[in-house]
Amino acid sequence: MPDQVCGVKVDSGVLSPLLPKGKQLGQSRQDKGPGSVSCRVTVDDSLVLYLAQDLTDPGTDAMESRGLQRMGDPADVEGVGDRAAVADRGAKAVVECTHEGRPRLFVGLVQLERAEPVPADTRERRDAVLAFLKSWFPAAVSGLGCVS
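Summarised in this report is the structure supplied together with it. (Residues numbered from 1 in each chain as written. Predicted model: local features only at pLDDT ≥ 70, side-chain atom pairs only at ≥ 80, totals over all residues. Heavy atoms only, no water.)

1. Some points on the nonpolar core
Generally speaking, soluble globular proteins have nonpolar side chains that are buried together.
Now for step 1: Counting 37 residues, the largest nonpolar core has Phe 106, Phe 132, Leu 133, Trp 136 and Phe 137 as its most contacted members.
Now for step 2: Mapped onto this core, the elements with two or more residues apiece are helix 1 (12–15), strand 4 (36–43), strand 5 (46–56), strand 7 (83–87), strand 8 (90–99), strand 9 (102–112) and helix 3 (122–143).
Now for step 3: The next biggest cluster of nonpolar side chains, apart from the first, holds 12 residues, and it includes Leu 68, Ala 85, Val 94 and Val 107. (Core = buried A, V, L, I, M, F, W, Y, C linked by side-chain atoms within 4.5 Å. Buried < 20%, exposed > 50% of the residue type's maximum accessible area, 1.4 Å probe, protein only. Helix = DSSP H or I, 4+ residues; strand = E, 2+ residues; numbered from the N terminus.)

2. Observations concerning the packing of aromatic side chains
Now for step 1: Counted according to the given criterion, the structure contains two aromatic pairs.
Now for step 2: Summarising the aromatic geometry, the rings of Phe 132 and Trp 136 are spaced 6.2 Å apart at their centres and angled 15 degrees between planes, so their arrangement reads as stacked. With Phe 132 and Trp 136 both in helix 3, this residue pair falls four residues apart, about one helical turn.
Now for step 3: With relative accessibility at 0%, the residue Phe 132 sits in the buried group.
Now for step 4: Relative accessible area serves as the criterion here: at 0%, Trp 136 is assigned to the buried category. (Phe/Tyr/Trp six-rings, centres within 6.5 Å; stacked < 30°, edge-to-face > 60°.)

This is the structure we're talking about:
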């Protein structure tokens, strides 16, 4: 199990519950423009996890509910960024920061892509996604050079 995902250091113990068993782990990182990065994680060539990092203007409603609603029954959680929510198949968090001398809003998204998520129990899966978010989000913020 890797100790980083798409260039962002994470605790491998919180990554492993989100990945199915398989022989080959793949990671494909894509820069989508200044301050915007996405990453696809595959196991045996099947997409299992999608991560996105975006810098946007403060005041943007980055926690809009439609995207979170599609991931299933989102609920606000504490302990990650300025605001965060965890859903059945993913999570989103935001934090105000300074990037290259400008006030920005960092938005991080974690989305499970498997038809049969790991673990299968919804409560366990939500807990696993939150544990991953708590490990990945601060490192992703720092990795993009955003200082809170």
